[in-house]
Amino acid sequence: MKETAFINGLHAEIAKPPTLFQRTADTVFRHVCGASGWLTTLIVVFIVVKITVAALPAMCQYGVNFLTTTTWDPQTQVYGILPEIWGTLFTSVLALIAGTFFGVAAAIFLSEGFLGQFIFAILKIIKMDTNPYWGKLPERMEGILKNLIELLAAIPSVVYGLWGIFILIPAIRPTCNWLSAKLGWMAFFGTTLSGPGVLPAVIVLSIMILPTVTAISRDALVAVPPKLRMAAYGMGATRWETILAVILPVATRGIIGAVILAFGRALGETMALAMLVGNSNKISLSLFSPANTLASLLANNFPEAGPNVVSVLMYAALVLLAITLIVNIIGAMILQKASSADEGGK
Amino acid sequence: MAADNEMLCNTGASQDANGKNIVIDCKIKDLHYGSFKAVRDTHIPIQKNRITAFIGPSGCGKSTVLRCLNRMNDIVRGFRFSGHVHFAGCDIYHHSIDAVAVRRFIGMVFQQPNPFAMSIYNNVAFGLRLNRYKGSITEKVEEALKRAALWDEVKDKLQKSGLSLSGGQQQRLCIARAIATDPQVLLMDEPCSALDPISTRRIEELMLELKTRYTIAIVTHNLQQAQRVADDTGFLYVDTSEGGRTGYLVEFGDSKQIFDDPKEKYTKDYIRGEFS
């Protein structure tokens, strides 16, 4: 054996080749990891294949018309999901705009120590800033605020739904109807809000994606090397200029990642939307009109679905799956582009 | 505020009793980070068109002192300063003066090369845009890169990322960025400690060229470097008598005198390499 000869040729006191156990453990570890990886992939493939098979009858029967027509009538067996596709994208995009804006703003607030600075200034006024216990308050409060925002992610979506129905909708209704009366000529305010509708759904959805956007963006902002911050301050940049011109561009990748994750969540969110969006097959630009989304369509229709309707629902599920997949691919492409820009097109 | 800022740029350097042209007169009574006393009793006059070096063992506060000169320490939460830093005839620590304004007149180069994640051109143009410079930015960028002895190496790839350069080039890019806005003073915080000997030599040559135009203050832990480039040298040491590690100025003077004929025992021992 070559290795034995090699080892016998060395007269080492302590160093020796790995034992049989070490080698076996290494092999087993490698295979367990490999198997887990493959298993995950297989599960995804299995689910997609099963859904596709179940959807096949409906796909053959309704074809592309399913995607472009607007009637959903189990009585006459006419099915079209254009309003749901529209509703899914419309609510998600609006929620994403609002969620990204507030989420990134909150992430900046958390990562740049604004809160800590404010508390420190107060401590300084009451001369407690060097106190061993109270002096740590700024850092502690920053930690608490961060955890509070992340806690938003722990609220079950049905609770969001209930909150939306019983608190949010009554609260925003007068304003919405006033807007509709005064600015009704604008498509966004075209109808009155009579209960569930796009706006409450969007508000709740954006709150739901807020922790995702904030937490990941904050991590990306904190990861920006402090030396860049110093360079900008050293040039005489104000805090705002430093954040906008130097820190945010470096953190873009992470923020885009956060937004894509959040978009995925918004597209697939079911319970809160089923409760808040109104479940009405309408295509409207109005924020106050009820609408429907794919996820909520599925949730509302599966209980009394016959075999034929199950196939139709599977088709709709496949469409939802395709939309999320496309969003993820586009996101990955944007990330790739951003990262090659980072390296300066080397 | 506006009046003060104008004062910063309009008044010339002051003259001390010996007729020396003092640009920055820094007198630190004591300086705290929170409850930690970092520096005490340090007086450093920085003369025009000369290179002033701060030397001393690790943790003696030489970087802290340097960062006082453009109020970079203000960023650190819990920073407290008593004393004065006179620049162009006024105390930059006066409550009416904005730290951001001070930093626009006193440029800084850091230990780690820290170009922004943007093109070489935009890196140098950063300060010009910050100051809303009205003239030709392209011209100024070229001028700064030439003065930083980097132009020939990057003139064909100005649109490439500043991060694509080597460490020594990145540091010269940072120098170009700092001098593009023509600051009166350039502070350098161990600018060569992350660089190889050849890049170090280039930066040192560059400093000697730049001092004809700017006033330079440099922190270095490399005694040979201080000897090679500095006109004046201040030696700082750590005082542990009060329990903490408080830095203070032991001796300040002409580099030749400090290195050939130090007056203080600590300076003598440090320069002979008996401790670091």
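To be clear, the structure that these remarks concern was listed above.
In this convention, every chain numbers its residues from 1, walking through the sequence in written order. The lettering of chains begins at A and the numbering of ligands begins at 1, in the order of writing. Totals for whole chains, interfaces and linings use all residues, but because this is a predicted model, local features are given only for residues with pLDDT of at least 70 and pairs of side-chain atoms are given and counted only at 80 or more.

(A) Expanded view of the overall build of chain A. Elements are defined by DSSP. Helices are runs of H or I of four residues or more, strands are runs of E of two residues or more, and each kind is numbered from the N terminus. For chain A, the helix and strand inventory stands at 13 helices and two strands. This radius of gyration counts C-alpha atoms alone. The globule rule is 2.2 Å times how many residues there are, raised to the power 0.38. The C-alpha radius of gyration of chain A comes to 27 Å, more than 25% above the 20 Å expected for a compact globule of 346 residues. Each of the three principal axes of chain A carries a C-alpha extent, and together these read 85 × 70 × 40 Å. Relative to its 346 residues, chain A shows a buried fraction of 34%. Partly exposed residues are those whose C-beta has more than 12 but fewer than 20 other C-beta atoms within 10 Å; with 20 or more the residue is buried, with 12 or fewer it is exposed, and the C-beta atoms are placed from the backbone.

(B) Spotlight on the overall build of chain B. If you tally the helices and strands in chain B, you get 11 helices and 11 strands. Taken over the C-alpha trace, chain B has a radius of gyration of 19 Å; the compact-globule value for 276 residues is 19 Å, and the two agree within 12%. Projecting the C-alpha coordinates of chain B onto the three principal axes gives extents of approximately 55 × 45 × 40 Å. A total of 276 residues make up chain B; the buried ones form 45% of that total. Contact between residues is assigned whenever the C-beta positions, reconstructed from backbone atoms, fall within 7 Å. Sequence separation of at least 24 residues holds for 71% of the intrachain contacts in chain B that already meet a minimum separation of 6.

(C) Structural context of the pairing of strand E5 (residues 79-87) of chain B. Residues and elements named next belong to chain B. For two strands to be treated as a pair, DSSP must find no fewer than two bridges joining them. Two strands pair when backbone bridges link them, and strand E2 (residues 21-33) and E5 are joined in this way by nine bridges, in the antiparallel orientation. Its bridge partner lying in E5, Asp 30 is registered against Ser 82. Across two bridges, the pairing between E5 and strand E6 (residues 90-91) is antiparallel. The partner of Phe 87 across the bridge, within E6, is Cys 90. Counting the residues between successive antiparallel strands, the hairpin from E5 to E6 contains two residues, one of them, Ala 88, with a positive phi of roughly 50°.

(D) Region of the structure containing the interface of chain B and chain A. Each partner contributes residues to the interface: chain B has 22 residues there, and chain A has 26 residues. Those elements giving two or more residues to the side of chain B that touches chain A turn out to be helix H3 (99-105) and helix H4 (120-130) of chain B. All amino acids are sorted into three groups, where Ala, Val, Leu, Ile, Met, Phe, Trp, Tyr, Cys and Pro are nonpolar, Asp, Glu, Lys and Arg are charged, and the leftover types, Gly among them, are polar. Residue composition of the side of chain B that touches chain A, grouped by class: 10 nonpolar, eight polar and four charged.

(E) Seen up close, the pairing of strand E11 (residues 246-254) of chain B. Residues and elements named next belong to chain B. Pairing of strand E3 (residues 36-47) with E11, which is carried by two bridges, proceeds in the parallel orientation. Each residue of the ladder has a partner; that of Arg 40, found in E11, is Tyr 248. Pairing of strand E10 (residues 232-239) with E11, which is carried by eight bridges, proceeds in the antiparallel orientation. Residue pairing for E11: Asp 232 is matched across the bridge by Asp 254.

(F) Main features of unusual backbone geometry. With phi around 55°, Gln 77 of chain A is a residue other than glycine that occupies positive phi space. Here Glu 190 of chain B, not a glycine, exhibits a phi torsion of approximately 45°, which is positive. With respect to the helices and strands, Glu 190 of chain B occurs in the loop between strand E8 (185-189) and helix H8 (197-210).

(G) How the structure looks around the packing of helix H7 (residues 157-183) of chain A against helix H8 (residues 198-222) of chain A. Residues and elements named next belong to chain A. In contact at an axis separation of 9 Å, H7 and H8 are set at 130° when each is read in the N-to-C sense. As summarised for this structure, H7 and H8 are arranged oblique, according to the angle between their axes. Judged by the twist between their axes, the crossing of H7 over H8 is right-handed. Residues Ser 157, Tyr 160, Gly 164, Leu 168, Ile 169, Ile 172 and Cys 176 of H7 lie in contact with H8, whose contacting residues are Leu 199, Pro 200, Ile 203, Val 204 and Met 208. Every angle, taken between N-to-C directions, lies between 0 and 180 degrees, and every axis is a line fitted to C-alpha atoms, over only the stretch in contact when it is a helix. In what follows, roughly perpendicular refers to angles from 65 to 115 degrees, roughly parallel to angles under 35, roughly antiparallel to angles over 145, and oblique to any angle outside these ranges. Handedness of each helix crossing follows the sense of rotation of the near helix against the far helix: counterclockwise by less than a right angle gives left-handed, clockwise gives right-handed.

(H) Layout of the environment of Leu 276 of chain A. All names here are of chain A. Along the chain, the position of Leu 276 falls in helix H11 (residues 271-276). It is 8.3 Å that separates the C-alpha atoms of Leu 276 and Gly 195, two residues lying 81 residues apart in sequence. If sequence neighbours within four positions are ignored, Leu 276 has contacts with Gly 161, Gly 164, Ile 165, Pro 196, Pro 200, Ala 201 and Val 204.

(I) Examining the packing of H8 of chain A against helix H10 (residues 239-268) of chain A more closely. Residue and element names in this part refer to chain A. Where H8 meets H10, the axes come as close as 8 Å, and the angle between the chain directions of the two elements is 150°. When the axes of H8 and H10 are compared, the pair comes out roughly antiparallel. Every pair of crossing elements has a handedness; the one defined by H8 and H10 is right-handed. On H10, the residues touching Leu 205, Ile 209, Thr 212, Val 213, Ile 216, Ser 217, Asp 219, Ala 220 and Leu 221 of H8 are Ile 247, Ala 251, Arg 253, Gly 254, Ile 255, Gly 257, Ala 258, Val 259, Leu 261, Ala 262, Arg 265 and Ala 266. Counted by class, the contact of H8 with H10 contains 14 nonpolar, four polar and three charged residues.

(J) Geometry of the environment of Gln 227 of chain B. With respect to the helices, strands and loops of the structure, Gln 227 of chain B is situated in helix H9 (residues 223-229). A sequence separation of 174 residues divides Gln 227 of chain B from Ala 53 of chain B, and the C-alpha atoms of the two residues are 9.0 Å apart.

(K) Inspection of H7 of chain A at higher detail. All names here are of chain A. Here, expected helix span is obtained from the residue count minus one, scaled by 1.5 Å. Under the 1.5 Å per step criterion, the end-to-end length of H7 is only 32 Å for 27 residues, more than 12% shorter than the ideal 39 Å. The angle between axes fitted to the seven-residue stretch ending at a residue and the seven-residue stretch beginning at it gives the bend at that residue. The largest bend in H7 is about 45°, located at Gly 164. Of the surrounding secondary structure, the elements contacted by the buried residues of H7 are H8 and H11.

Treat this as a map of the structure, not an account of what it does.
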